[in-house]
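# Analysis of the macromolecular model
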Amino acid sequence: MAVGAAPRNPGGHPRTPAVKALAAATPRPYWLDDPSRPEALPALAGDEHCDLLVVGGGYSGLWTALLAKERHPGRDVVLIEARRTGWAASGRNGGFCAASLTHGWANGHARWPAELRTLEELGHRNLDGIEATLARHGIDCDFERTGEIDVATAPHQVQELREAAEQAAALGVTGHTFLDRDAMRAEADSPTFLAGLWNRTGVAMLHPARLAWGLRRACLDLGVRIYEHTPGTELSSRRAGVAVRTPYGRVFARHAALGTNAFPSLVRRLRPYIAPVYDYALMTEPLTEEQLASVGWRRRQGLSDSANHFHYFRLTADNRVLWGGYDIVYRYGGGVRAEYDHHPATYQRLAEHFFRCFPQLEGVRFSHTWGGAIDTCSRFSAFFGTAHGGRVAYALGFTGLGVGAARFGADVMLDLLSGARTERTELEMVRSKPLPFPPEPVRSVGIGITQWAMTRADTNGGHRNLWLRAMDKVGLGFDS
């Protein structure tokens, strides 16, 4: 063996630090591998009648059911979930609960400049509302309002973050602080960190699955009837409302709210607006005090780098590091399947990037690996509307921001179903739709070209080529 060569396993593959660190990882979501996970609720058998049917037991559906009961305690609410509450994106995400409703203020300014201050205010009120709800219902989900830092890891990103801080200040967006290299590395130390933009109050870290389970308990306490392992298979209009068929029964309701997100909508015309993409993450074992001290990170902010193919990372309550992102995997046809939940090539790539970012943590092992589907839409933020003569409402396309924005989407759906004109329903963001994605095979080809162009931009000083500039001009984007 040559001096310095990596030792090999019997199969002949090098045992790199990344491979060794992944060797004993459990292939399931860390958040769901939790002894506090509640027992499953029975499936619906027979027919049900209610005032409001909520389809989907993730954040979107749970917030809708909870807020519906808080608005009108006498309202009869039923929620159906195809698997178990919080098992999909709501139990697999990074736990970044952001005030942003627009996938960052820059995206909001590009699309709704006249509404940006209102959207920012509504977003912060929404995050405050989440925090208040956790206190009111006694939901313990490790909520820490630490903020988030966007990190520059390439020279061109430093100037981009500096300009972003200046633009935010000029637009009256408060709470953003530019950090030069030394200030950034004082917050979290990596040789790859060149600068940062710290959103001090607009993001909280939390345990995503415990948030979902806490909302579930709060709904049950208020009288919501929840049926798990009960997929909605067909939606139809009835004279006095709507009906949703399930494998062993039906639900008849005056109104319905759809929180199906990445899964095929019961309103078929909405399906072209969503491209389900797969995102993957790793979780380390708990860091020792010495390992944590080598990184700093005393204020425990969420972190993400500023590349098109970006990483997001944060500390858990017991000082593990969640490290996710980078690859955005779209499968031909846009299917959502269990076999897509794991992608070993991405796990290894993420592990290699982790040790490149934090070489002082070499030797740390990963305990869990997992993935899940994100409901991406072409404007990177949720869209809303009604169907079946106003008796059905939907909120879709959160594009990775649903941990916080799903509560806002629930309020919008309830506003729309009530027929009331509110500050939310008057927003252009709420009244407009993104561009739909084209059908296959054009969709896959376009996404592939866009991913290639994004990679080129990351390695070419951030320069967006003709393809990306054309997509920007027509408002068609792709992100996670």
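Coordinates for the structure precede this section.
Right, let's get into unusual backbone geometry. That bond from Glu 440 to Pro 441 is cis: its omega, 5 degrees, falls within 30 degrees of zero. You can see Pro 441 is positioned in the loop between helix H11 (428–431) and helix H12 (442–459). At Asp 142, a position not held by glycine, the phi torsion is positive, near 55 degrees. Residue position: Asp 142 is located in the loop between helix H4 (116–137) and strand S4 (148–152). Positive phi values are uncommon outside glycine, yet Phe 380 reaches one of about 70 degrees. Tracing the backbone through its elements, the reader meets Phe 380 in the loop between strand S17 (366–376) and strand S18 (383–387).

Our next topic: the side chain of Ser 100. When you line up the elements, Ser 100 lands in the loop between strand S3 (96–98) and helix H3 (105–111). Given a relative accessible area of 17%, Ser 100 falls into the buried group. Those residues in contact with Ser 100 that lie beyond four places of it in its chain are Leu 401 and Ala 405.

Another aspect to go through is the environment of Gly 241. Inspection of the secondary structure assignment puts Gly 241 in strand S10 (residues 241–246). For the pair Gly 241 and Val 392, spaced 151 residues apart in the sequence, the C-alpha separation amounts to 8.9 Å. Filtering out sequence-adjacent residues up to four positions away, Gly 241 remains in contact with Ala 253, Arg 254 and Arg 391.

Next up on the list: the packing of aromatic side chains. In this description, a pair of aromatic rings is defined by centroid distance and the angle of the planes. This structure, assessed with the given rule, holds 21 aromatic pairs. An angle of 25 degrees between the planes, with centres 6.4 Å apart, marks the rings of Tyr 278 and Tyr 280 as stacked. This pair shows no difference in class: Tyr 278 is buried, exactly as Tyr 280 is. Taken together, the ring pairs connect Phe 193, Trp 297, Phe 313, Trp 323, Phe 354, Phe 355, Phe 358 and Phe 366 into an aromatic cluster. Directly above the aromatic system of Trp 87 lies the positively charged group of Arg 83, at a separation of 4.1 Å from the ring centroid. Seen from the ring of Trp 63, Arg 407 lies directly overhead, with NZ or CZ sitting 5.7 Å from the centre.

Now for the nonpolar core. The biggest cluster of nonpolar side chains holds 49 residues, and the ones touching the most others in it are Leu 52, Tyr 59, Trp 63, Leu 211, Leu 215 and Phe 384. Broken down by secondary-structure element, the contributors of at least two residues to this core are strand S1 (46–55), helix H2 (59–71), strand S2 (77–80), H4, helix H7 (208–221), strand S19 (392–396), helix H10 (402–418) and H11. By residue number, the principal contributor to this core is H10, which donates nine residues. With near-sequence residues (within four places) excluded, Phe 384 lies in contact with Tyr 394, Ala 395, Phe 408, Gly 409, Val 412, Leu 416, Met 429, Val 430 and Lys 433. By size, the runner-up hydrophobic cluster in this structure holds 37 residues, among which are Phe 193, Phe 355, Cys 357 and Phe 358.

It is worth spelling out the side chain of Thr 102 at this point. Examined against the element boundaries, Thr 102 turns out to sit in the loop between S3 and H3. Excluding residues that lie within four positions of it along the chain, Thr 102 makes contacts with Asn 107, Gly 108, Trp 112, Leu 119, Ser 381 and Met 429.

Calculation notes
Residues numbered from 1 in each chain as written. Predicted model: local features only at pLDDT ≥ 70, side-chain atom pairs only at ≥ 80, totals over all residues. Heavy atoms only, no water. Helix = DSSP H or I, 4+ residues; strand = E, 2+ residues; numbered from the N terminus. Buried < 20%, exposed > 50% of the residue type's maximum accessible area, 1.4 Å probe, protein only. Contact = heavy atoms within 4.5 Å. Phe/Tyr/Trp six-rings, centres within 6.5 Å; stacked < 30°, edge-to-face > 60°. Lys NZ or Arg CZ within 6 Å of the ring centre and 35° of its normal. Core = buried A, V, L, I, M, F, W, Y, C linked by side-chain atoms within 4.5 Å.

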